[in-house]
Amino acid sequence: SENIINSMSDIKNLKIEENKAYVDLDKEKSKNKISEIKNQTIDREKLFEFSKRFQNESEIFKRTGGAHSCALVKNYEIIKFEEDVSRSNPVDKLIGYILKNDLDLSDKFIFTSCRISEIILEKISNIGFNLLISQSCPTSFAVDLAMEKNINLIGFARGERFNIYKKNENLSII
């Protein structure tokens with residue numbers, strides 16, 4: 001998520017001892033991962049229904065009321081779901097999953113429960129996503145970064161509504 005590695009092949013060696021990880025990186029690190037930007041369509045009704053289902057996925061939130069959730073989504077179905085008490089950790093976990101499985105991101109998006117900060121948006125940008133949807137709000141810095149990076153950004157996606165903060169030409173809303 002910090003753009004240090006862009007694929008698993010960037011790691012020459014990984015050793016874990018006690019509470020420390022030692023990582024040797026390939027000096028000929030691969031270029032930034034860039035996904036081909038395909039046209040995507042957001043179907044309002046499907047998004048409303050998905051948002052309701054998403055709220056029931058977090059077991060930690062159900063027990064504690066204090067967790068953030070994040071999902072990798074394709075066709076309004078969850079491919080991978082992560083949750084944590086930190087906003088950034090579920091995003092980092094998804095990014096690890098994406099790198100480990102060398103996934104094509106062009107037909108997928110990230111859906112999250114957390115407030116979108118500049119840091120979250122930067123992580124999404126580094127991995128190559130062009131669509132981020134949250135049940136919460138983005139910060140003004142995140143909106144500015146979405147504009148700069150040309151990332152589609154939708155917030156407050158809950159109930160029967162959502163706000164579009166940044167929409168580029170490859171995203172249709174029906």
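Only a predicted model underlies this, so the values are computations on that prediction, with no experimental measurement involved.

Conventions and cut-offs
- Residues numbered from 1 in each chain as written.
- Predicted model: local features only at pLDDT ≥ 70, side-chain atom pairs only at ≥ 80, totals over all residues.
- Heavy atoms only, no water.
- Pairing = 2+ DSSP bridges.
- Helix = DSSP H or I, 4+ residues; strand = E, 2+ residues; numbered from the N terminus.
- Core = buried A, V, L, I, M, F, W, Y, C linked by side-chain atoms within 4.5 Å.
- Buried < 20%, exposed > 50% of the residue type's maximum accessible area, 1.4 Å probe, protein only.
- Contact = heavy atoms within 4.5 Å.
- Salt bridge = Lys/Arg side-chain N within 4 Å of Asp/Glu carboxyl O.
- Polar contact = N/O pair within 3.5 Å; in protein donor to acceptor, adjacent residues only side chain to side chain.
- Axes fitted to C-alpha atoms, helices over the stretch in contact; angles between N-to-C directions.

Novice: What is the right way to read the pairing of strand β5 (residues 77-84) from this model?
Specialist: When a strand is regular, its side chains alternate between the sheet's two faces. With seven bridges joining them, strand β4 (residues 68-74) and β5 adopt antiparallel strand pairing. Residue pairing in the sheet places S69 in a bridge with E83 of β5. Hairpin connection between β4 and β5: a loop of two residues separates the two successive antiparallel strands, and N75 in this loop has a positive phi of roughly 55 degrees.

Novice: What am I meant to see in the nonpolar core here?
Specialist: Within soluble globular proteins, side chains that are nonpolar tend to cluster in buried spots. Core analysis: the largest hydrophobic core is formed by 22 residues, its most contacted members being I110, L121, F129 and L132. Secondary structure elements with two or more residues in this core: β4, α3 (88-101), α4 (118-127) and α5 (140-149). Ranked by the residues each element gives to this core, the list is headed by α3, at five residues. In contact with L121, not counting residues within four places along its chain, are I116, L132, A142, L145, A146, I151 and L153. Judged by nonpolar contacts, the second largest core, of 17 residues, contains L47, F50, F54 and L131.

Novice: Even after reading the chapter, I still don't get the pattern of salt bridges, so can you show me in this structure?
Specialist: Taken as a whole, this structure holds nine salt bridges when the rule is applied. For K80, the salt bridge goes to E82, with nearest N and O atoms at 3.6 Å. K149 is the salt-bridge partner of E122, the closest N and O atoms lying 3.6 Å from each other. A residue pair is termed long-range when its members are at least 10 positions apart, and E122 in helix α4 and K149 in helix α5 qualify at 27 residues. Owing to a relative accessible area of 27%, E122 belongs among the partly exposed residues under this scheme. One salt-bridge network, in which partners are shared between bridges, spans E49, R53 and E77.

Novice: Is there a simple way to explain the environment of Y165 in this structure?
Specialist: Relative to the elements of secondary structure, Y165 occurs in strand β9 (residues 161-166). Given a relative accessible area of 24%, Y165 falls into the partly exposed group. Along the primary structure Y165 and V143 are separated by 22 residues, whereas in three dimensions their C-alpha atoms are 6.5 Å apart. Setting aside residues no more than four positions away along its own chain, Y165 makes contact with P138, V143, M147, L153, I154, G155 and F156. A polar side-chain atom of Y165 sits 3.2 Å from a polar atom in the side chain of N163.

Novice: Got a minute to help me understand the side chain of T112 in this structure?
Specialist: As for its placement among the helices and strands, T112 is situated in strand β6 (residues 109-112). Classification of T112 as buried rests on a relative accessible area of 2%. Separated by 2.7 Å, the side chain of T112 and the backbone oxygen of S69 make a polar contact. Not counting residues up to four positions away in its chain, the partners in contact with T112 are F54, S69, C70, L132, I133, S134 and Q135.

Novice: Teacher, can you tell me more about α4 here?
Specialist: Residues spaced three or four apart along an α-helix point in a common direction, a consequence of the helix completing one turn every 3.6 residues. Counting buried residues in α4 gives seven out of 10 residues, a clear majority hidden from the surface. Taken together, the buried positions of α4 are I120, L121, K123, I124, S125, N126 and I127. Positive phi appears at G128, one or two residues downstream of α4, with a value of about 110 degrees.

Novice: What should I look at first to understand the sheet that holds β9 in this one?
Specialist: The strands making up a sheet are joined through hydrogen bonds of the backbone, oriented either antiparallel or parallel. Pairing is mixed in the open sheet, where six strands are placed in the order β5-β4-β6-β7-β8-β9. Of all the strands in the sheet, the pair left with one neighbour each is β5 and β9. Taken over all neighbouring pairs, the strand axes of this sheet differ in orientation by 20 degrees on average, direction set aside. Running at roughly 50 degrees to β6, helix α1 (residues 44-55) makes contact with β4, β5, β6, β7 (131-134), β8 (152-158) and β9 of the sheet. Here α3 sits on the sheet in contact with β4, β5 and β6, set at roughly 135 degrees to β5.

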